[in-house]
Amino acid sequence: MDCLFCKIAAGQIPARPVYEDEDLFAFADINPQAPVHILIIPRRHIASLDHSAAGDAALLGALLETAAKIARDKGLARGYRVVINTGADGGQTVDHLHVHLLGGRSMAWPPG
Ligand code: AMP
Ligand code: ZN
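Keep in mind the model is a prediction, meaning the values are calculated, not measured. (Residues numbered from 1 in each chain as written. Chains lettered and ligands numbered in written order. Predicted model: local features only at pLDDT ≥ 70, side-chain atom pairs only at ≥ 80, totals over all residues. Heavy atoms only, no water.)

Asks: Please set out the side chain of His98 residue by residue, giving values where relevant.
Replies: Following the sequence through the fold, His98 ends up in the loop between helix 3 (87-90) and strand 5 (99-103). Owing to a relative accessible area of 5%, His98 belongs among the buried residues under this scheme. Setting aside its immediate chain neighbours within four residues, His98 contacts Phe5, Leu39, Ile40, Ile41, Val83, Ile84 and Gln92. (Helix = DSSP H or I, 4+ residues; strand = E, 2+ residues; numbered from the N terminus. Buried < 20%, exposed > 50% of the residue type's maximum accessible area, 1.4 Å probe, protein only. Contact = heavy atoms within 4.5 Å.)

Right, dumping it as structure tokens:
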């Protein structure tokens, strides 16, 4: 499959890994929007959150649990933001489900 994040998870395209296990891969965003900006993805190709199914509940939970673990490891004790851009209006540009972990600065609300 011609998917950028599948290739990153498979090690076919270089990335700066932060965490990995059997199901998940986390790496530094190439265009960071905050001092800490990490993407957490399932190794299995799921095009977006909208393409996830009931059977993916454990995997979705693991994505969030891992985001929190990485945030603790990175010392983001003041807080952080977790974002899943979904579809065109959601601002999704890579069609492989990914969780953004952003931290190290104060965040504004609402997002753009
Ligand atoms: P989204 O707009 O939510 O689909 O997020 C896609 C993210 O992937 C953006 O923040 C990009 O900076 C990031 N990105 C694109 N290509 C790469 C890459 N080769 N390595 C790391 N991050 C990437
Ligand atoms: Zn993929």
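Next, the rest of the story.
Asks: Give a description of a nonpolar patch on the surface that names residues and reports values.
Replies: Together, Leu49, Leu64, Tyr80, Val82 and Ile84 give the surface a local cluster of nonpolar side chains, amounting to about 380 Å² of exposed area. Mapping Val82 onto the fold places it in strand 4 (residues 80-83). (Patch = residues over 30% accessible without salt bridge, like charges linked within 9 Å, V, L, I, M, F, W, Y side chains within 5 Å. Areas by Shrake-Rupley, 256 points an atom, 1.4 Å probe, with all protein chains shown as cover. Salt bridge = Lys/Arg side-chain N within 4 Å of Asp/Glu carboxyl O.)

Asks: Residues and numbers for the site of ligand 1, please.
Replies: Taken together, the neighbourhood of ligand 1 is formed by 16 residues, with Asp29, Asn85, Thr93, His98 and His100 sitting nearest. Within the backbone of Ile30, an N or O atom sits 3.1 Å from a nitrogen atom of ligand 1. In the model, an oxygen atom of ligand 1 is placed 2.6 Å from a nitrogen or oxygen of the Thr93 main chain. For ligand 1, whose unbound accessible area comes to 500 Å², protein coverage reaches 83%. Using a 2 Å cut-off from the grid points, one finds that ligand 1 occupies the largest pocket. The set of elements that each furnish at least two residues to the shell around ligand 1 consists of helix 1 (4-9) and strand 2 (24-28). With three residues, helix 1 is the largest single contributor of residues to the shell around ligand 1. Tallied by class, the residues present in the shell around ligand 1 amount to eight nonpolar, seven polar and one charged. (Near = heavy atom within 4 Å. Polar contact = N/O pair within 3.5 Å; in protein donor to acceptor, adjacent residues only side chain to side chain. 1 Å grid on protein atoms, 1.4 Å probe; cavity = no way out; pocket = protein on both sides within 12 Å on 5 of 7 lines; lining within 4 Å. Sits in = over half its atoms within 2 Å of the grid points. Nonpolar A, V, L, I, M, F, W, Y, C, P; charged D, E, K, R; others polar.)

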